[in-house]
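Structural description and commentary
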Amino acid sequence: KCYKSYNGYKLLRVDTSTRDQVNTRQVSNYLQTVQDKLVLFVTYHSYSQLFLTPLGYTVKIPDNHEHHVRVGQAVVDAIFKRHGVQYITQRAAQLYPASGDSPDWVHDVLKLTDSYTMELRPGPDEWKDGFELDPEQILPTGEENVAGLLALVDSIDQ
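This section reports on the structure supplied with the text. Source: prediction; values computed, not measured. (Residues numbered from 1 in each chain as written. Predicted model: local features only at pLDDT ≥ 70, side-chain atom pairs only at ≥ 80, totals over all residues. Heavy atoms only, no water.)

What follows deals with the overall build of the protein chain. Assigned secondary structure in the protein chain consists of five helices and six strands. When the helices and strands of the protein chain are placed in sequence order, the string is β-β-α-β-β-α-β-α-α-β-α. In the protein chain, which comprises 158 residues, the share counted as buried stands at 44%. Residue pairs in contact within the protein chain that sit at least 24 positions apart in sequence constitute 78% of those at least 6 positions apart. Carbon and sulfur atoms provide 55% of the accessible area of the protein chain, an area that totals close to 9,300 Å². (Helix = DSSP H or I, 4+ residues; strand = E, 2+ residues; numbered from the N terminus. Buried < 20%, exposed > 50% of the residue type's maximum accessible area, 1.4 Å probe, protein only. Contact = heavy atoms within 4.5 Å. Areas by Shrake-Rupley, 256 points an atom, 1.4 Å probe, with all protein chains shown as cover.)

It is worth spelling out a nonpolar patch on the surface at this point. Nonpolar side chains collect at one region of the surface, where Tyr44, Leu149 and Val153 lie side by side and expose about 240 Å² of accessible area between them. Relative to the assigned elements, Val153 resides in helix α5 (residues 138-156). (Patch = residues over 30% accessible without salt bridge, like charges linked within 9 Å, V, L, I, M, F, W, Y side chains within 5 Å. Salt bridge = Lys/Arg side-chain N within 4 Å of Asp/Glu carboxyl O.)

Looking now at the pattern of salt bridges. Counted according to the given criterion, the structure contains two salt bridges. Put simply, Glu143 and Arg82 hold a salt bridge, and the shortest N to O gap is 3.7 Å. Placement of Glu143 in helix α5 and of Arg82 in helix α2 (residues 65-83) is noted, with a sequence separation of 61 residues between them. Residue classification places Glu143 among the partly exposed residues on the basis of a relative accessible area of 25%. Across the pair Glu144 and Arg121 runs a salt bridge whose closest N-O atoms are separated by 2.7 Å. You can see Glu144 sitting in helix α5 and its partner Arg121 sitting in the loop between β6 (115-120) and α5, a full 23 residues away along the chain. A residue is classified by how much of its surface remains accessible, and Glu144, at 0% relative accessible area, is buried.

Written out as C-alpha cells, the structure reads:
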C-alpha cells in the first residue's frame, strides 16, 4: 500500500487518506485541539548535531527564515557553551529533502513559526555504531540539549 505524504500541499504518492498511520493521526488530532496554545514544536532525532529549521519538503525559504536563523544561532551557541560540542543550524531541506515530517506539517498547516528538529550526537563524521550513542556521551548530550532548549524558549519570545 502506498501512503500519502505531506509535501507542502501536494502528494508524493497516491492513497485514499492522509495521516493514515494510527500514531500520526492521534498526534495530529491532538495538536489540532491545542493549536491555539502551541508556541513551540520540537522533534528530537539522531544523529548529526544539527538544529534544523523549516522547511524540509522544499528548498523554498520560508517567510520567517530570518527568525529561524536567529533562534537557531541562540540554540547552537547555548549547546556549545555547555560542553564545547558544535551543532550547526540549517534548513531541514539542506540535510536532505523529505516529505511527511511533523515540523513541516506543524509549520505550514498549524501555522506555527517555531517548529524545529534537533539532530543529536554523534556528529556526522563520528558515528561508528549507527544510531547507537556511546554510553559516556548520553548525559552530556542531554545536558547540552537542555541548555539549547532553554535558549530556544528564551529566543522565541524576542
